[in-house]
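Residues per chain are reported as follows:
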Amino acid sequence: MGCSQSKIENEEAVSRCKDRKLYMKEAVSFRNAFAAAHSSYATYLKNTGAALSDYAHGEVTQFSTSSVSVSQPAIPSSSSPAPPLRR
């Protein structure tokens, strides 16, 4: 025993286990990075949808405001009363 490296460290099964451990750590790291990127993408997608919706509502509001300003029919200047409505 002691401080020197034991022979078991050189066995194939042990080296495969250590490699597997490193691969698992990398996989977890990449999974976390992927999850963060996916979450960020979903946030940006939501913000883009909101911006497009705001833009579309602004276009509709602007269009309806300009179409409401249609000229009113002229009021007749005669002071005679309007004829009665027939049913």
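Every value quoted in this text rests on a predicted model; they were computed, and no experiment measured them.

Quick look at the overall build of the protein chain
The secondary structure content of the protein chain amounts to one helix and zero strands. Surface accessibility of the protein chain: about 8800 Å² in total, with carbon and sulfur atoms responsible for 62%.

Remarks on the pattern of salt bridges
Applying the stated criterion across every chain yields a total of one salt bridge. The salt bridge involving E12 is made with R16; its shortest N-O contact spans 4.0 Å. Of this pair, E12 and R16 both sit in helix α1 (residues 12-68), separated by four residues, roughly a single helical turn.

Conventions used here
- Counting restarts for each chain, with residues numbered from 1 along the sequence as it is written.
- Thresholds applied to this predicted model are a pLDDT of at least 70 for local features of residues and 80 or more for the giving and counting of side-chain atom pairs; totals over whole chains, interfaces and linings are not thresholded and use all residues.
- To get the side-chain values, take all heavy atoms of the structure and skip hydrogens and water.
- A run of H or I in DSSP becomes a helix once it reaches four residues, and a run of E becomes a strand once it reaches two; helices and strands are each numbered from the N terminus.
- Surface exposure here means Shrake-Rupley accessible area, sampled with a 1.4 Å probe, where a residue is shielded only by the protein chains that are shown.
- The salt bridge criterion pairs a side-chain nitrogen of Lys or Arg with a carboxyl oxygen of Asp or Glu, the two atoms within 4 Å.

Distances and angles like these do not, on their own, reveal function.
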